[in-house]
Amino acid sequence: MTTPRTTDWAILSLLVVIWGSAFAGVKIAVAHIPPLWVTAGRLWVAVATLGVVLAVSRQRLPSLSDAAWKFYAVNGLIGMAIPFAMFATAAATLPSAVAAICNGATPLFTAGLAHLLLENDRLTPRKIAGVGLGFVGLLVLVAPRLSHGMNIETLALSAALGGAALYAVSNIITKRS
């Protein structure tokens with residue numbers, strides 16, 4: 001394992017700001033735009049960004065007959081489109097911080113799925129302790145919102161956690177490919 005450089009920490013910090021602010025941005029957007037349109041907008045920004053990256057790096061997309069497109073389509077739906085829609089729908093009800101906390105369940109789901117589906121990624125005692133601690137933290141932060149029984153907020157929490165679970169599925173699909 002290499003020692004992280006200052007630029008690694010700077011890039012990580014930038015990603016935290018970008019990803020963290022996405023929840024606040026979605027929360028503001030769904031106050032004025034229906035959640036599925038917010039999702040479509042996010043996806044178009046991703047398409048435009050990919051186009052710019054391809055143009056700057058002078059790369060081309062594979063031909064439409066390339067088998068990679070099946071992977072792109074499946075993983076794009078499971079790892080972007082559907083979770084984006086689930087988080088946008090949840091944002092109409094939940095505070096953005098709660099949605100971001102639910103997104104924090106992604107590594108917990110990923111660890112569990114990796115243990116079940118990937119031969120070389122088993123849970124060790126250390127990983128079990130980390131996942132367990134993360135799960136307890138998630139419960140401490142989210143469980144009070146579940147104390148009122150089944151209501152619209154419970155459904156929104158389920159949507160946000162479902163989005164996090166789909167991100168985990170996408171991680172496993174990517175690792176297996």
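So, helix H4 (residues 96-103)
Think of an α-helix as 3.6 residues a turn; residues three or four steps apart then line up on the same face.
Then comes step 1: Val98, Ala99 and Cys102 are the residues of H4 that are buried. Mapping the buried residues of H4 onto a view down its axis gives an arc of 100 degrees, with all of them on the same face.
Then comes step 2: Tucked inside the fold, the buried residues of H4 contact helix H1 (6-30), helix H3 (68-91), helix H5 (106-117), helix H6 (125-142) and helix H7 (152-176).

Topic: the packing of aromatic side chains
Then comes step 1: All chains considered together, the criterion is met by four aromatic pairs.
Then comes step 2: Relative to Tyr72, the ring of Trp69 has its centre 5.3 Å away and its plane inclined at 90 degrees; by these criteria the two rings are edge-to-face. You can see Trp69 and its partner Tyr72 sitting in helix H3, three residues apart, about one turn around the helix.
Then comes step 3: The class of Trp69 is partly exposed, set by a relative accessible area of 26%.
Then comes step 4: Assessed through its relative accessible area of 38%, Tyr72 is described here as partly exposed.
Then comes step 5: Seen from their ring centres, Phe87 and Tyr167 are 5.8 Å apart, and the 20 degrees between their planes marks the pair as stacked. Residue Phe87 is located in helix H3, and its partner Tyr167 is located in helix H7; the two are separated by 80 residues in the primary sequence.
Then comes step 6: Residue classification places Tyr167 among the buried residues on the basis of a relative accessible area of 18%.

Considerations on the confidence of the model for the chain
Then comes step 1: Residues of the chain with pLDDT of at least 70 account for 99%, and the chain-wide mean is 92.
Then comes step 2: Within the chain, the element-level pLDDT minimum falls on H1, averaging 90, and the maximum on H3, averaging 96.

Brief notes about a nonpolar patch on the surface
Then comes step 1: Together, Ile11, Leu14, Leu15, Ile18 and Trp19 line one region of the surface with nonpolar side chains, adding up to about 520 Å² of accessible area.
Then comes step 2: Tracing the sequence through the fold places Ile18 in helix H1.

Quick notes on the nonpolar core
Then comes step 1: Ranked by internal contacts, the top residues of the largest apolar core, which has 18 residues, are Phe87, Ala90, Leu94, Cys102, Leu157 and Ala160.
Then comes step 2: When residues of this core are traced back to their parent elements, those giving at least two are H3, H4, H6 and H7.
Then comes step 3: Here the element with the most residues in this core is H7; it accounts for six residues.
Then comes step 4: Ranked by size, the runner-up nonpolar core spans six residues in total, among them Ala29, Val30, Ala88 and Ala91.

Quick look at the environment of Ala168
Then comes step 1: By the element assignment, Ala168 lies in helix H7.
Then comes step 2: Separated by 90 residues in the primary sequence, Ala168 and Ile78 place their C-alpha atoms 9.3 Å from one another.
Then comes step 3: Non-local contacts of Ala168, meaning those with residues more than four positions away in its chain, are made with Thr106, Phe109, Thr110 and Leu113.

Analysis parameters
Residues numbered from 1 in each chain as written. Predicted model: local features only at pLDDT ≥ 70, side-chain atom pairs only at ≥ 80, totals over all residues. Heavy atoms only, no water. Buried < 20%, exposed > 50% of the residue type's maximum accessible area, 1.4 Å probe, protein only. Helix = DSSP H or I, 4+ residues; strand = E, 2+ residues; numbered from the N terminus. Arc of directions from axis to C-beta. Contact = heavy atoms within 4.5 Å. Phe/Tyr/Trp six-rings, centres within 6.5 Å; stacked < 30°, edge-to-face > 60°. pLDDT = per-residue confidence, 0-100. Patch = residues over 30% accessible without salt bridge, like charges linked within 9 Å, V, L, I, M, F, W, Y side chains within 5 Å. Areas by Shrake-Rupley, 256 points an atom, 1.4 Å probe, with all protein chains shown as cover. Salt bridge = Lys/Arg side-chain N within 4 Å of Asp/Glu carboxyl O. Core = buried A, V, L, I, M, F, W, Y, C linked by side-chain atoms within 4.5 Å.

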